[in-house]
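Observations on the three-dimensional arrangement
What follows is the residue order along each chain.
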Amino acid sequence: MHIMLYRTYDVFGVNGELYIDAAMECYTIELPWLNNRPNRSCIPEGTYVLKERYSPRHGRHLEVTGVKGRSFILVHPANNALIELRGCIAPVTQLTGPGKGVLSRLAFERLSTKVFAALKHRQVLLTVTRRKL
């Protein structure tokens, strides 16, 4: 499975559109781009491997692996990037502003159900790129 994340950058946060097999799955929110600073910035554009992960804080969720100079980049629910994220990616159902959205848990459940099923049989890649205007 190959997932595409198309970003739009803003100084207050990054918004994205996430596609699975060319079909839009959900929107995403992230921290603004701050030169890949740990806990302060979204991750660089590129292609990464997604893996299943569990933690007491987030339960069962996804980890973005292979990010240069970073670790524990997660995909988990959040509705406000500046308050709730430390470099991670949050799926949301609807965008409400730069780095902000709503109904993140619902979007995460839909996304993770598909990704967890795919991970049982094959590798899942995430490609992050700028939205072309």
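Scroll up a little and you will see the structure.
Below is a summary of the structure that appears in this document. (Residues numbered from 1 in each chain as written. Predicted model: local features only at pLDDT ≥ 70, side-chain atom pairs only at ≥ 80, totals over all residues. Heavy atoms only, no water.)

1. Some remarks on helix 2 (residues 104-119)
Quick note on the threshold: In DSSP terms, a helix is any run of H or I states spanning at least four residues, a strand is any run of E spanning at least two, and both are numbered starting from the N terminus. For a helix, the expected span equals 1.5 Å multiplied by the residue count minus one. Each residue gets one of three labels from its accessible area relative to the maximum for its type: buried under 20%, exposed over 50%, partly exposed in between, using a 1.4 Å probe on protein chains only.
Taking 1.5 Å per residue as the helical rise, helix 2 with its 16 residues ought to reach 22 Å, and the 22 Å between its terminal C-alpha atoms agrees with that figure. Considered for burial, the residues of helix 2 that qualify are Ser 104, Ala 107, Phe 108, Leu 111, Ser 112, Val 115, Phe 116 and Ala 118.

2. Details of the nonpolar core
A general trend in soluble globular proteins is that nonpolar side chains are found buried together. Spelled out, the test is: Here, nonpolar core refers to any group of buried Ala, Val, Leu, Ile, Met, Phe, Trp, Tyr and Cys residues whose side-chain atoms link them within 4.5 Å. Contacts between residues were defined by any pair of non-hydrogen atoms, one from each residue, lying within 4.5 Å.
Ile 3, Ile 43, Val 64, Val 115 and Leu 126 are the most contacted members of the largest nonpolar core, which totals 24 residues. For this core, the secondary-structure elements that each account for two or more residues are strand 1 (2-8), strand 2 (14-20), strand 4 (46-55), strand 5 (59-65), strand 6 (73-75), helix 2 and strand 10 (124-130). Tallying contributions element by element places helix 2 first for this core, with 6 residues. Filtering out sequence-adjacent residues up to four positions away, Ile 3 remains in contact with Leu 18, Tyr 19, Ile 20, Leu 50, Val 115, Val 124, Leu 125, Leu 126 and Thr 127. Among the nonpolar cores identified, the runner-up in size contains 9 residues, and Leu 31, Leu 74, Cys 88 and Val 92 belong to it.

3. Structural notes on empty space enclosed by the protein
Quick reminder of the rule: Both cavities and pockets are sets of points on a 1 Å grid over the protein atoms alone; in a cavity a 1.4 Å probe fits but cannot get out, in a pocket the set is open with protein on both sides within 12 Å along at least five of seven lines, and lining residues sit with an atom within 4 Å of a point. Grid points are joined across faces, edges and corners, and a volume is the space filled by probe spheres set on the points. Following the grouping adopted for this structure description, the nonpolar residues are Ala, Val, Leu, Ile, Met, Phe, Trp, Tyr, Cys and Pro, the charged ones are Asp, Glu, Lys and Arg, and the polar ones are all others, Gly among them.
Within this structure, the stated rule accounts for 1 cavity of 30 Å³ or more. Here the largest cavity is characterised by a volume of approximately 50 Å³. What lines the largest cavity is simply Ile 3, Leu 18, Leu 50, Leu 62, Val 75, Ile 89, Leu 111 and Leu 126. Of the residues assigned to the lining of the largest cavity, the class counts are 8 nonpolar, no polar and no charged.

4. Topic: the layout of surface pockets
Looking at the largest pocket, its volume works out to about 200 Å³. Forming the boundary of the largest pocket are 14 residues, of which Asn 39, Phe 72, Leu 74, Arg 86 and Cys 88 lie nearest the centre. Residue composition of the lining of the largest pocket, grouped by class: 6 nonpolar, 4 polar and 4 charged.

5. Brief notes about the environment of Pro 91
Position of Pro 91 among the secondary structure elements: in strand 7 (residues 90-92). In this structure Pro 91 comes out as buried when scored by relative accessible area, which is 1%.

6. Quick notes on the packing of aromatic side chains
What counts here: To pair, rings of Phe, Tyr and Trp, with the six-membered ring standing in for Trp, must have centres within 6.5 Å; the planes then decide the type, stacked if under 30 degrees apart, edge-to-face if over 60, and tilted in the middle.
For the structure shown, the criterion picks out 1 aromatic pair. The interplanar angle of 80° and the centroid separation of 5.6 Å between the aromatic rings of Tyr 6 and Tyr 19 together place this pair among those described as edge-to-face. With Tyr 6 in strand 1 and Tyr 19 in strand 2, this pair connects stretches of sequence that are 13 residues apart.

7. Description of the sheet that holds strand 5
This is how the line gets drawn: Between any two strands, at least two bridges found by DSSP are needed for them to pair. Here an axis means a line fitted to C-alpha atoms, over the contact stretch when the element is a helix, while the angle between two N-to-C directions is reported on a 0 to 180 degree scale.
The strand order across the open sheet formed by 8 strands is 6-5-4-10-1-2-3-7, and the pairing between neighbours is mixed. Across the chains shown, the open sheet's two edge strands, defined by having one partner strand only, are strand 6 and strand 7. Within this sheet the neighbouring strands show an average axis-to-axis angle of 35°, counted without direction. Both strand 1 and strand 2 contribute to a ladder of 6 bridges, which runs antiparallel. Of the residues in strand 2, the one forming a bridge with Tyr 6 is Glu 17.

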